[in-house]
Amino acid sequence: LTASEIQAYMAELPPALSQTRRDLIEFALQSVGKVPYYWGGKASGPDYEPNGFGLIISPDYKGRILKGLDCSGWINWVYWSATGKHLGGESTSTLVSCGTAVGKDELLPGDICIRPGENAHVVMFLGWTAEGQMICLQETSGNINNVEVGICTPEWAHYRRLID
């Protein structure tokens, strides 16, 4: 995303949103297109420097060879980088017990949505479309194999608030 695209997303955030959430979302937006998807990828440290994203490493199960993060690794890395605190959960299934459960109608930008199981995935909630779909930030193994801003179904098994 360009700086102006990031600022456009930031301008859409609710005015009462805490500075911590704003910092978290801005950091997440700045990572769009910069962190390759790599199944099982976890961060070595906060921010970009200790992680070497994009370096060539052993192929994952789909043959991807660029060092990166998977969806839960990206969520952990973004929170760690923006808040200085490492989350207790390292995987999608363990993120289910992090923070506080909230209802879909209580979601705030920066909360996470989790689908455990065979097709496990976790995304960061950003907002709602006029049609009631969710705007999310996610590390995806889809067509781009990178972080993206996307549209997701609003139906997830778990909605979690990790910061106030």
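Residues numbered from 1 in each chain as written. Predicted model: local features only at pLDDT ≥ 70, side-chain atom pairs only at ≥ 80, totals over all residues. Heavy atoms only, no water.

## Comments concerning the sheet that holds strand β5 (residues 146-152)
Strand-to-strand pairing in sheets goes through backbone hydrogen bonds, with the strands running parallel or antiparallel. Strand order in the open sheet formed by six strands is β1-β6-β2-β3-β4-β5, with antiparallel pairing between adjacent strands. The open sheet has two edge strands, β1 (100-101) and β5, and neither has a second partner. Here strand β2 (residues 112-115) pairs with strand β3 (residues 121-128) via four bridges, running antiparallel. Along β3, the bridge assignment pairs C113 with V123. Along the sheet, helix α2 (residues 19-30) makes contact with β3, β4 (134-140), β5 and β6 (158-161), crossing β3 at roughly 115°. (Pairing = 2+ DSSP bridges. Helix = DSSP H or I, 4+ residues; strand = E, 2+ residues; numbered from the N terminus. Contact = heavy atoms within 4.5 Å. Axes fitted to C-alpha atoms, helices over the stretch in contact; angles between N-to-C directions.)

## Some words on the packing of helix α1 (residues 3-11) against α2
To describe two helices that pack against each other, one gives the angle between their axes and the distance between the axes. Running from N to C, α1 and α2 cross one another at 145°; their axes reach a closest spacing of 10 Å. The way α1 lies across α2 gives a crossing that is right-handed. Here I6, Q7, Y9 and M10 of α1 come into contact with α2, specifically with R22, I25, E26, L29 and Q30. When the residues that make up the contact of α1 with α2 are grouped by side-chain class, the tally is five nonpolar, two polar and two charged. (Left-handed = near helix turned anticlockwise from the far one by under 90°. Nonpolar A, V, L, I, M, F, W, Y, C, P; charged D, E, K, R; others polar.)

## Observations concerning α2
Between the first and last C-alpha of α2 there are 16 Å, a value that for 12 residues agrees with the 16 Å anticipated at 1.5 Å per step. Of the residues making up α2, those classed as buried are R21, R22, L24, I25, F27, A28 and L29. Where the residues of α2 are buried, they touch α1, α3 (71-83), β3, β4, β5 and β6. (Expected span 1.5 Å × (residues − 1). Buried < 20%, exposed > 50% of the residue type's maximum accessible area, 1.4 Å probe, protein only.)

## Looking at the side chain of N51
With respect to the secondary-structure elements, N51 resides in the loop between α2 and α3. Of the polar contacts made by the side chain of N51, one reaches the backbone oxygen of D47; its length is 2.7 Å. When neighbours within four sequence positions are excluded, N51 is seen to be in contact with A43, S44, G45, P46, K67 and W77. (Polar contact = N/O pair within 3.5 Å; in protein donor to acceptor, adjacent residues only side chain to side chain.)

## Some words on the pairing of β6
Of the pairings in the sheet, the one linking β1 to β6 comprises two bridges and is antiparallel in character. Bridging across to β6, T100 finds its partner in R161. Summarising the sheet, β2 and β6 pair through three bridges and their orientation is antiparallel. Looking at the pairing, I114 lines up with H158 of β6.

## Description of the nonpolar core
With 33 residues, the main nonpolar core has W74, I75, Y79 and M124 as its most contacted residues. Elements that contribute at least two residues to this core include exactly α1, α2, α3, β2, β3 and β4. Per-element accounting of this core gives the leading share, six residues, to α3. Not counting residues within four places of it along the chain, the set of residues in contact with M124 comprises L24, A28, W74, I75, V78, Y79, G110, D111, I112, I135, C136 and L137. Membership of the second largest hydrophobic core comes to 10 residues, among which are L107, C113, W156 and Y159. (Core = buried A, V, L, I, M, F, W, Y, C linked by side-chain atoms within 4.5 Å.)

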